[in-house]
Amino acid sequence: MYRWPWELHLINLILVLPKILIVDDSKMIRMQVRDLLPRGNFEVCEAKDGVEGYALISQEHPNLVLLDFFMPHMSGWEVLQKIQTRPELQTIPVVIMTG
């Protein structure tokens, strides 16, 4: 079945909206990072610590993770190590942040 280019674009926006996950224990930092992101066709999710972040990474398989290094409960380094043990998560780009 032939689809017009605008139809494909609309389908991609509805069905395959890329996700960016921001993981930081500071609400203020999460808000600032969100504000620094360019406006675009992607969904931004947030997690308040490494435990919640790892759970969201496992469930949502985001397209990009912006991960604070120093957090309570589970550090960003620990989250990254756990990601690396799961083949289905290993291809997700992770940017480590620290303040």
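Everything numeric in this text was worked out from a predicted model, so none of it was measured. (Residues numbered from 1 in each chain as written. Predicted model: local features only at pLDDT ≥ 70, side-chain atom pairs only at ≥ 80, totals over all residues. Heavy atoms only, no water.)

### Focus: the nonpolar core
Across soluble globular proteins, nonpolar side chains show a tendency to be buried alongside one another. Core analysis: the largest hydrophobic core is formed by 15 residues, its most contacted members being Leu21, Val23, Ile57, Val65 and Val79. Counting residues per element, this core draws most heavily on helix 3 (residues 50–60), at 3 residues. Listed in part, the 7 residues of the second largest apolar core include Val33, Leu37, Val44 and Met97. (Core = buried A, V, L, I, M, F, W, Y, C linked by side-chain atoms within 4.5 Å. Buried < 20%, exposed > 50% of the residue type's maximum accessible area, 1.4 Å probe, protein only. Helix = DSSP H or I, 4+ residues; strand = E, 2+ residues; numbered from the N terminus.)

### Digging into the sheet that holds strand 3 (residues 64–68)
Strands pair in a sheet through their backbones, by hydrogen bonds, and they do so in one of two ways: parallel or antiparallel. An order of 2-1-3-4 is seen for the 4 strands of this open sheet, with the pairing classed as parallel. Each edge of the open sheet carries a strand with a single partner, namely strand 2 (43–47) and strand 4 (94–97). Strand-to-strand twist across the sheet, computed as the mean angle between neighbouring axes with direction ignored, equals 15 degrees. Sheet topology places strand 1 (residues 19–23) next to strand 3; 4 bridges connect them, and they run parallel. Bridge pairing links Leu21 to Val65 in strand 3. Against the sheet, helix 3 makes contact with strand 1, strand 2 and strand 3, and its axis sits at roughly 165 degrees relative to strand 1, the strand it touches most. (Pairing = 2+ DSSP bridges. Axes fitted to C-alpha atoms, helices over the stretch in contact; angles between N-to-C directions. Contact = heavy atoms within 4.5 Å.)

### Regarding the packing of aromatic side chains
How two aromatic rings sit relative to each other is set out by the distance from centre to centre and by the angle between their planes. Considering all chains together, one arrives at 1 aromatic pair under this definition. Here the aromatic rings of Phe69 and Phe70 are separated by 4.8 Å at their centres, their planes lie at 85 degrees, and the arrangement is edge-to-face. Of the residues examined, Phe69 reaches a relative accessible area of 26% and is grouped as partly exposed. On the basis of relative accessible area, Phe70 is assigned to the exposed category, the value being 57%. (Phe/Tyr/Trp six-rings, centres within 6.5 Å; stacked < 30°, edge-to-face > 60°.)

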